[in-house]
Amino acid sequence: MGPTSGLLARVSPGLLRAGPRELGTLTPRSHLTYPGPSFQVRLQVQSVEKPQYRGTLHCFQAIIKQESVLGLYRGLGSPLLGLTFINALVFGVQGNTLRALGRDSPLNQFLAGAAAGAIQCVICCPMELAKTRLQLQEAGPARTYRGPLDCLAQIYRQEGLRGVNRGMVSTLLRETPSFGVYFLTYDALTRALGCEPGDRLLVPKLLLAGGTSGIASWLSTYPVDVVKSRLQADGLQGAPRYRGIVDCVQQSYRDEGWRVFTRGLASTLLRAFPVNAATFATVTVVLSYARGEEARLEGDAGSAALAQPSSL
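How each quantity is defined
Residues numbered from 1 in each chain as written. Predicted model: local features only at pLDDT ≥ 70, side-chain atom pairs only at ≥ 80, totals over all residues. Heavy atoms only, no water. UniProt positions renumbered as here; feature names shortened; annotations may be inferred. Helix = DSSP H or I, 4+ residues; strand = E, 2+ residues; numbered from the N terminus. Buried < 20%, exposed > 50% of the residue type's maximum accessible area, 1.4 Å probe, protein only. Contact = heavy atoms within 4.5 Å. Areas by Shrake-Rupley, 256 points an atom, 1.4 Å probe, with all protein chains shown as cover. Phe/Tyr/Trp six-rings, centres within 6.5 Å; stacked < 30°, edge-to-face > 60°. Core = buried A, V, L, I, M, F, W, Y, C linked by side-chain atoms within 4.5 Å. Axes fitted to C-alpha atoms, helices over the stretch in contact; angles between N-to-C directions. Parallel < 35°, antiparallel > 145°, perpendicular 65-115°, else oblique. Nonpolar A, V, L, I, M, F, W, Y, C, P; charged D, E, K, R; others polar. Polar contact = N/O pair within 3.5 Å; in protein donor to acceptor, adjacent residues only side chain to side chain. Salt bridge = Lys/Arg side-chain N within 4 Å of Asp/Glu carboxyl O.

Labelled according to an unreviewed UniProt entry, the protein chain appears under the name Mitochondrial basic amino acids transporter, originating from Bison bison bison. Here the protein chain is described in UniProt, under the heading Subcellular location (unreviewed entry), as follows: "Mitochondrion inner membrane".

Structure (structure tokens):
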């Protein structure tokens with residue numbers, strides 16, 4: 001890395017080469033930010049002819065009233081199953097891609113983030129399909145799926161591998177640019193804020209940069225997320241409506257206007273800032289501390305070796 005290396009390298013030089021063991025407990029973006037996604041999906045796919053919810057607050061109240069607090073966490077098992085793999089992929093691929101590109105520049109930050117976003121779709125798409133189906137199914141004994149694995153197994157038996165990967169193209173269109181924006185915004189903000197080791201305001205600055213990055217990431221591709229949710233929920237309650245991404249966009253716009261592509265945005269942004277603020281601050285501070293301890297132990301070991309009497 002040259003003198004222009006980003007904060008992830010400046011604060012914690014080992015972060016970009018960290019392995020899955022170190023990154024598996026850290027949460028990139030907001031794949032696991034309940035109960036927000038429960039509101040988001042329900043608002044995105046509800047019928048325009050017979051809308052169930054008037055907004056985020058009404059959706060929250062209705063879920064509590066009809067399904068109790070547990071209804072807010074319906075579909076939680078699916079993100080939990082894929083979380084560790086997604087985390088390891090995102091930070092591992094982003095770091096390796098940035099090194100392969102050879103220079104830490106804004107463009108390369110975007111490209112490295114975009115590569116990470118694209119690759120994790122292999123896990124993210126089926127995971128979100130199961131989450132969407134579980135959130136929208138009827139509650140109680142009449143439910144179709146017993147859990148995320150049962151959901152994916154039933155979809156595979158009925159629709160094959162193509163069914164399990166329903167919404168893959170729209171997921172790619174969402175994740176690829178949004179992760180590029182995510183890492184680019186974070187890098188640009190940490191440079192602008194002057195986040196350096198030893199700064200007594202380092203943590204607040206990291207929180208601001210991380211939270212703003214999460215908001216920018218979601219805003220950059222949110223309409224695509226609405227389309228993705230509608231495609232994955234299509235056919236769950238009745239005959240399928242959409243023939244593909246373009247048809248979904250056309251029908252949605254014709255029936256509900258441009259505002260349909262912002263449904264659920266309020267709940268998404270409300271959770272995006274705190275979740276992503278904590279994400280990058282935790283990643284940077286924890287690994288910075290870990291690398292500092294590693295360097296101290298190596299230094300102690302070196303001093304002990306020098307203190308040993310020579311055998312010559």
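A. Looking closely at the overall build of the protein chain. Scanning the protein chain from N- to C-terminus turns up 12 helices and 0 strands. Listing the helices and strands of the protein chain from first to last along the sequence gives α-α-α-α-α-α-α-α-α-α-α-α. Each of the 312 residues in the protein chain was classed as buried or not, and the buried ones make up 48%. Of the contacts formed within the protein chain by residues at least 6 apart in sequence, a portion of 77% connects residues at least 24 apart. Carbon and sulfur atoms provide 63% of the accessible area of the protein chain, an area that totals close to 15200 Å².

B. Region of interest: the packing of aromatic side chains. Applying the stated rule across the entire model yields 4 aromatic pairs. Centroid distance Phe179 to Tyr182: 6.0 Å. Interplanar angle 80°. Geometry classified as edge-to-face. Highlighted residues: Phe179 and Tyr182, both in helix H9 (residues 168-193), separated by 3 residues, approximately one helical turn. Take Phe179 and Tyr182: they sit in the same class, and that class is buried. Ring centres of Tyr182 and Phe183 lie 5.5 Å apart, and the angle between their planes is 75°; this geometry places the pair in the edge-to-face category.

C. Quick peek at the nonpolar core. In this structure, Ile86, Val90, Phe91, Val93, Ala116, Cys124, Met127, Phe179, Tyr182, Phe183, Val283 and Leu287 together form the largest nonpolar core, which totals 12 residues. Listing elements by their share of this core, those giving two or more residues are helix H5 (77-101), helix H7 (121-136), H9 and helix H12 (265-307). Of all hydrophobic cores here, the second largest spans 7 residues; its members include Leu129, Cys151, Ile155 and Val164.

D. Main features of the packing of helix H10 (residues 202-233) against helix H11 (residues 245-256). Across the interface, H10 lies against H11 with an axial gap of 10 Å and an inter-helix angle of 105°. Put simply, H10 runs roughly perpendicular to H11. Facing H10, whose interface residues are Val227, Arg230 and Leu231, H11 presents Ile245, Cys248, Val249, Ser252 and Glu256. Looking at the contact of H10 with H11 residue by residue, the class counts come to 5 nonpolar, 1 polar and 2 charged.

E. Fine view of the side chain of Asp187. Tracing the sequence through the fold places Asp187 in helix H9. A residue is classified by how much of its surface remains accessible, and Asp187, at 5% relative accessible area, is buried. Within polar-contact distance, the side chain of Asp187 engages the side chain of Gln109 at 3.5 Å. Here the side chain of Asp187 touches Arg191 through a polar contact of 2.7 Å, side chain to side chain.

F. Structural context of the pattern of salt bridges. The full count for this structure, using the stated rule, is 12 salt bridges. Arg174 is the partner of Glu175 in a salt bridge, and the nearest nitrogen-oxygen pair spans 2.9 Å. The class for Glu175 is buried, based on a relative accessible area of 0%. The buried category is assigned to Arg174, whose relative accessible area is 1%. With a shortest N-O distance of 2.4 Å, Asp225 and Arg174 are connected by a salt bridge. Remark: Arg174 occurs in helix H9 and Asp225 occurs in helix H10; sequence separation between them is 51 residues. Taken as a pair, Asp225 and Arg174 share a single burial class, namely buried. Taken together, the shared-partner salt bridges in this structure form one network comprising Glu128, Arg174, Glu175, Asp225 and Lys228.

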